[in-house]
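Residue-level listing of the chains:
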Amino acid sequence: MGLHGVKAVFFDLDNTLIDTAAAGRRAIEEVPPRPLQVISALQSKHHYGEGEARAVCDKVQAKLLKECHDPAKMCITDLRISHWEEAIQETIGGEANRDLAAECYYLWKTTRLQHLTLAEDTRAMLTELRKGLRLLLLTNGDRQTQREKIEACACQPYFDAIVVGGEQKEEKPAPSIFHYCCDLLGVQPSECVMVGDSLDTDIQGGLNAGLKATVWLNKAMTAPVDTSPVPHYIISSVLDLPAVLQKMEHNINAKLGTDHMASSNE
């Protein structure tokens, strides 16, 4: 698929190409016949009640959502073990139990990585797109964590370049990381499209950097009360992207035709 004016597509990773949120939930909940999820381990091995085990996991999920990580101060492993340690103490009381917290964290992390997969239809779409476009994976987050996810879902072969925010001076939505990506691929911002599920980082970042278009993945297709920033396109599945790119090509061709007619009439 060659497009007039579009030479590259940047993809977000988490909850865009892979369902990180669902993998995290599956790592916590007991899903037979896998008895090693965290809730099950807390119940069977450490004799927690189901309510206590679920409360610990719920608190960790809440901490992850509010997580603010500064790699200069603490590595991501220590920070996330601390989430579990605090959640256990807040739920059960008593002395802090760092060993149990570490056990829960590594179990959660290992199980989550096992569930991070790049779906077959997504692989096929990326393979087809790459026949005519350059593709780049652009993900925010801690270097170690994101590289582990990339390795787990085996997505490297589908991209011309992979950029992790935690390895750069600034992350999305800063224009600098988008411009770095453009330089990597040898393209201009006006030749690139950003695809992602976050209005605050993916869409705002694409707009900040002056990319040709931004495509917001809104799986629920429920518009927020205040959709700001405003993406150029909205899709409910990443598999809808090729149709959006075709629409962009049609619009560009139509404009080229109009401009040609206008110049002929001058």
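Residues numbered from 1 in each chain as written. Predicted model: local features only at pLDDT ≥ 70, side-chain atom pairs only at ≥ 80, totals over all residues. Heavy atoms only, no water.

Looking up the chain in an unreviewed UniProt entry gives the name NANP phosphatase, with the organism given as Oriolus oriolus. Under the heading Cofactor (unreviewed entry), UniProt records this for the chain: "Mg(2+)". (UniProt positions renumbered as here; feature names shortened; annotations may be inferred.)

**Digging into the packing of aromatic side chains**
Inspection of the entire model under this criterion finds 3 aromatic pairs. Between phenylalanine 11 and phenylalanine 159, the aromatic rings sit 6.1 Å apart at their centres with planes inclined by 70°, giving edge-to-face as the arrangement. Taken as a pair, phenylalanine 11 in strand β1 (residues 8–11) and phenylalanine 159 in the loop between α7 (143–153) and β3 (161–164) lie far apart in primary sequence, 148 residues in all. The pair phenylalanine 11 / phenylalanine 159 is uniform in exposure class, with both members buried. Members of the aromatic cluster, connected to one another through ring pairs, are Tyr105, Tyr106 and Trp108. (Phe/Tyr/Trp six-rings, centres within 6.5 Å; stacked < 30°, edge-to-face > 60°. Helix = DSSP H or I, 4+ residues; strand = E, 2+ residues; numbered from the N terminus. Buried < 20%, exposed > 50% of the residue type's maximum accessible area, 1.4 Å probe, protein only.)

**Some details on the nonpolar core**
Core analysis: the largest hydrophobic core is formed by 35 residues, its most contacted members being Val9, Phe11, Leu137, Phe159, Val193 and Leu241. Element by element, the count of residues in this core is highest for helix α10 (residues 241–265), at 4 residues. Sequence-distant contacts of phenylalanine 159, defined by excluding residues within four places in its chain, comprise Phe11, Leu17, Leu126, Arg130, Leu135, Leu136 and Leu137. Of all hydrophobic cores here, the second largest spans 20 residues; its members include Ala101, Ala102, Tyr105 and Trp108. (Core = buried A, V, L, I, M, F, W, Y, C linked by side-chain atoms within 4.5 Å. Contact = heavy atoms within 4.5 Å.)

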